[in-house]
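Residues per chain, in single letters:
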Amino acid sequence: MPDQPIRAALLSVYHKDRLAPLVATLRRLGVQLYSTGGTQQFLEEQGAEVTAVEDLTGFPEVFGGRVKTLHPKVFGGILHRRHEPGDLAQAEQHGIPPIDLVVVDLYPFEETVASGAPEQDVIEKIDIGGISLLRAAAKNYRDVLVVSSRDQYEAVTELLERTNGAPTLADRKHYAAAAFQATSHYDTEIAKYVSQGTGLETENQAPSSSLRYGENPHQAGAFHGDLNALFDQLHGKQLSYNNLVDVDAAVQLMREFAQGLPAVAILKHTNACGVAQADSLHTAYVNALACDPVSAFGGVIITNKGIDEATAQELNKLFFEVLIAPGFTEEAMAILQTKKNRILLRQKPVDFPKKQIKTLLNGIIEQDADLQTEVAADFRTVTKSAPTAEETAALEFALKICKHTKSNTIVLARPGQLLASGVGQTSRVDALRQAIEKAGSFGFDLKGAVMASDAFFPFPDCVEIAGAAGIRAVVQPGGSIKDQDSIAACDERGMAMVLTGVRHFKH
């Protein structure tokens, strides 16, 4: 049997942002809209014709809004089985119209708790009708599509446009699972709060949110975790799977530059295509962009300082997907919000996991996170020439980037600026040649620059090629049985080499 189109929808949301495009699609599809209170007002402001729930039920909201949707005409419309003749007959007998789409954004219970609000206010933010609607719609996913988060609005809008308002059973089951995860987390947080001082303990379960799709459109995707603990999303569309992968890479890289001068990193497919530090954030961004302005298009940008007006004006000239910063001035926000899909994230302080877990074959593998970063005190000079103070600073800078770049990698830098990198190559020589070629294509003179490698040199060829390009100092972990060949090649060219004893593979 073909999937039935959505005929009627019930919308009852706390947050109204990001809802308008979904409303526009429902109007285009001719869907009957039911709603309450502030949501009804918002829908009508969008030009939609709306039937108030109290007109459907014949019963007004009571008890200060505590009871609005808890009525057989609402829950019967959601829960009656469209394939059961008896259910259909009863629905007709009692005048219960079908409700095929339920959109609910729950009261912000966790946010209210986090704000330090008094108990009375927290209790009033325990959603009863909303969570009941979600559970009912999710239970009857054979017939009903449920939307349980504003993070899903964009994906659901695309789904309805693609299916002409008739989502598949697989689509409905996907969103039902997300709804049950949302209600489970919501109830867990309530239990944690109410259990305080009672001696009872509750399980701490991470929230989950559906993504538009996975790495590619034919792959389903979801994020399990509390993004709201790490970011305030100030503007833009929902983060995609690929956005999240790049955002993670950006955040981990910028942890290396948490202290000190203003720093900017630009990433594409998890690798840095521009990194710089300078006396001002504006200068740091300009220098980071200069490294590879081609790859920066559509990338993810992160800073260690708040975005000011001057930096925002420069940033606004580039198309990018995501900007992450610890803060934004009002003037900067006004500039950056001119692109409606541009994602702006304000990063909050948070403790990151000390372990990394990855699915592999028919199980998972786990390792300690790579939290070690070598500095000048860890460098062991093995050549006749030692690096100068300026070269040492550049080597420290390059090594921080090298650690977060896909292996095999070579990073070329000068103090405070990435010049080029060779990433993800099957040979270290290829990575070096890629980096030298890229540096030249963007007008960088490598004379006096430094080189960092994530692993040892098995042969002296990298040193020979680097020396011919003008590189003057090298940092690498060492450990090859032929280390001495590379050291001798440095000495022959008057280059300095330091060893760290620590490899930083990244796969």
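In this text, all values refer to a predicted model and were calculated from it rather than measured experimentally.

Engineer: Is there a simple way to explain the overall build of the chain in this structure?
Structural biologist: Along the chain, the regular secondary structure elements total 18 helices and 21 strands. Here the C-alpha coordinates of the chain stretch approximately 95 × 50 × 50 Å along the principal axes. Classification of the 507 residues of the chain by burial places 48% in the buried group. Across the chain, the fraction of contacts at a sequence separation of at least 24, relative to all contacts at a separation of at least 6, is 57%. Total accessible area computed for the chain in this model is approximately 24,100 Å², and 51% of it derives from carbon and sulfur atoms. For the chain, the centre of its 48 positive side-chain charges and the centre of its 62 negative side-chain charges are spaced 3 Å apart.

Engineer: How should helix H9 (residues 153-163) be read in this particular structure?
Structural biologist: The periodicity of an α-helix, 3.6 residues per turn, causes residues three or four places apart in sequence to face the same way. Residues of H9 that are buried include every one of Tyr153, Ala155, Val156, Thr157, Leu159 and Leu160, and no others. Elements in contact with the buried residues of H9: strand E1 (8-13), helix H1 (20-28), strand E4 (101-105), strand E5 (145-147) and helix H10 (169-194). Just beyond H9, the residue with positive phi is Asn164, at close to 55°.

Engineer: Sorry, what's going on with unusual backbone geometry here?
Structural biologist: Note: most peptide bonds trans; most residues except glycine with negative phi. For the bond from Ser407 to Asn408, the omega torsion is -10°, close enough to zero to count as cis. Considering the arrangement of structural elements, one finds Asn408 in the loop between helix H15 (389-403) and strand E17 (410-414). We note that Arg18 has phi near 75°; this positive angle belongs to a residue other than glycine. Within the secondary structure, Arg18 is located in the loop between E1 and H1. Even without being glycine, Leu361 reaches a positive phi, approximately 50°. With a relative accessible area of 88%, Leu361 lands in the exposed category.

Engineer: Mind showing me how you'd approach a nonpolar patch on the surface here?
Structural biologist: Together, Leu360, Leu361 and Ile365 give the surface a local cluster of nonpolar side chains, amounting to about 330 Å² of exposed area. On the accessibility criterion, Ile365 (40% relative accessible area) is partly exposed.

Engineer: Got a minute to help me understand the pattern of salt bridges in this structure?
Structural biologist: When the charged atoms of two side chains with opposite charge come close together, those side chains can pair. All chains considered together, the criterion is met by 19 salt bridges. With its nearest N and O atoms 3.2 Å apart, the salt bridge here joins Asp100 to Arg7. Highlighted residues: Asp100 in the loop between helix H5 (85-93) and E4 and Arg7 in the segment before E1, separated in sequence by 93 residues. By relative accessible area, which is 44% here, Arg7 ends up partly exposed. For the salt bridge of Asp368 with Lys355, the shortest nitrogen-to-oxygen distance reads 2.6 Å. Residue Asp368 is found in strand E15 (residues 363-368), and its partner Lys355 is found in strand E14 (residues 355-360); the two are separated by 13 residues along the sequence. We classify Lys355 as partly exposed; its relative accessible area is 43%. What emerges from the salt-bridge pattern is a single network uniting Asp17, Arg18, Arg150 and Asp151.

Engineer: What's the story with the side chain of Arg172 in this structure? I'm lost.
Structural biologist: You can see Arg172 is positioned in helix H10. Polar contacts involving the side chain of Arg172 include one to the main-chain carbonyl oxygen of Tyr141, which spans 2.9 Å. Those residues within four positions of Arg172 in sequence are excluded, and the remaining contacts are Asp3, Tyr141, Arg142, Asp143, Val144, Leu145 and Pro167.

Engineer: Hey, could you run me through helix H8 (residues 129-139) in this one?
Structural biologist: With eight of its 11 residues buried, H8 lies for the most part within the structure. Taken residue by residue, H8 has Gly129, Gly130, Ile131, Leu133, Leu134, Ala136, Ala137 and Ala138 as its buried positions. Elements in contact with the buried residues of H8: E1, helix H4 (72-79), E4, E5 and H10.

Engineer: Please explain the packing of H8 against H10 as it appears in this structure.
Structural biologist: In a pair of packed helices, the angle between the axes and the distance between the axes together describe the arrangement. For the pair H8 and H10, the least separation of the axes is 9 Å and the interaxial angle reads 150°. Here H8 and H10 pass one another in a crossing that is left-handed. Here Ile131, Leu134, Arg135, Ala138 and Lys139 of H8 come into contact with H10, specifically with Ala176, Ala179, Phe180, Thr183, Tyr186 and Asp187. When grouped by side-chain class, the residues that make up the contact of H8 with H10 number seven nonpolar, one polar and three charged.

Engineer: Would you mind showing me how to read the pairing of strand E19 (residues 450-453) here?
Structural biologist: Along any regular strand the residues' side chains alternate between the sheet's two faces. Neither face of E19 is open: one carries Val450 and Ala452, the other Met451 and Ser453, and all of them are buried. Note: E17 against E19, four bridges, orientation antiparallel. Bridge pairing links Val411 to Ala452 in E19. Relative to strand E20 (residues 473-476), E19 runs parallel, the two sharing three bridges. Its bridge partner being in E20, Val450 is matched across the sheet by Ala473. For the handedness criterion, the β-α-β arrangement of E19, helix H17 (residues 461-469) and E20 is classed as right-handed.

Engineer: How should the sheet that holds strand E3 (residues 50-52) be read in this particular structure?
Structural biologist: Sheets are built from strands paired through backbone hydrogen bonds, the pairs being either parallel or antiparallel. Strand order across the open sheet formed by five strands is E3-E2-E1-E4-E5, with parallel pairing between neighbours. Looking at which strands have only one partner, the edges of the open sheet turn out to be E3 and E5. Shown here is a sheet whose adjacent strand axes are inclined to one another by a mean of 20°, direction ignored. Inspection of the sheet shows E1 paired to E4 by five bridges, in the parallel sense. Bridging from a neighbouring strand, Ser12 pairs with Val104 of E4. Where H9 meets the sheet, it contacts E1, E4 and E5, and its direction lies at approximately 155° from that of E5.

Engineer: Where do I start with the nonpolar core in this structure?
Structural biologist: Generally speaking, soluble globular proteins have nonpolar side chains that are buried together. Counting residues in hydrophobic clusters, the biggest one holds 51 residues, and the most contacted among them are Leu26 and Ile78. Ranked by size, the runner-up nonpolar core spans 42 residues in total, among them Leu267, Leu345, Phe397 and Ala413.

Engineer: Explain the environment of Val147 here, please?
Structural biologist: With respect to the helices and strands, the residue Val147 is situated in strand E5. For Val147, a relative accessible area of 0% translates into the label buried. As a C-alpha pair, Val147 and Arg172 span 25 residues in sequence and 9.5 Å in three-dimensional space.

Engineer: Sorry, what's going on with the packing of aromatic side chains here?
Structural biologist: Both the distance between ring centres and the angle between the ring planes are used here to describe each pair of aromatic rings. Counted under the stated rule, the structure contains five aromatic pairs. Through a chain of ring-to-ring contacts, three or more aromatic side chains come together here, namely Phe109, Tyr186 and Tyr193.

Engineer: Whenever I open this one, the packing of H4 against H8 confuses me. Can you help?
Structural biologist: Between H4 and H8, the least distance of the axes is 8 Å, while the angle of their chain directions is 25°. Here H4 lies roughly parallel to H8, going by the angle between them. From H4, Val74, Phe75, Ile78 and Leu79 reach across to H8, where they touch Gly129, Ser132, Leu133, Ala136, Ala137 and Lys139. Looking at the contact of H4 with H8 residue by residue, the classes come out as seven nonpolar, two polar and one charged.

Thresholds applied
Residues numbered from 1 in each chain as written. Predicted model: local features only at pLDDT ≥ 70, side-chain atom pairs only at ≥ 80, totals over all residues. Heavy atoms only, no water. Helix = DSSP H or I, 4+ residues; strand = E, 2+ residues; numbered from the N terminus. Buried < 20%, exposed > 50% of the residue type's maximum accessible area, 1.4 Å probe, protein only. Contact = heavy atoms within 4.5 Å. Areas by Shrake-Rupley, 256 points an atom, 1.4 Å probe, with all protein chains shown as cover. Lys, Arg positive; Asp, Glu negative; His and termini not counted. Charge placed at Lys NZ, Arg CZ, Asp CG, Glu CD. Patch = residues over 30% accessible without salt bridge, like charges linked within 9 Å, V, L, I, M, F, W, Y side chains within 5 Å. Salt bridge = Lys/Arg side-chain N within 4 Å of Asp/Glu carboxyl O. Polar contact = N/O pair within 3.5 Å; in protein donor to acceptor, adjacent residues only side chain to side chain. Axes fitted to C-alpha atoms, helices over the stretch in contact; angles between N-to-C directions. Left-handed = near helix turned anticlockwise from the far one by under 90°. Nonpolar A, V, L, I, M, F, W, Y, C, P; charged D, E, K, R; others polar. Pairing = 2+ DSSP bridges. Right-handed = clockwise from strand over helix to strand, strands pointing away. Core = buried A, V, L, I, M, F, W, Y, C linked by side-chain atoms within 4.5 Å. Phe/Tyr/Trp six-rings, centres within 6.5 Å; stacked < 30°, edge-to-face > 60°. Parallel < 35°, antiparallel > 145°, perpendicular 65-115°, else oblique.

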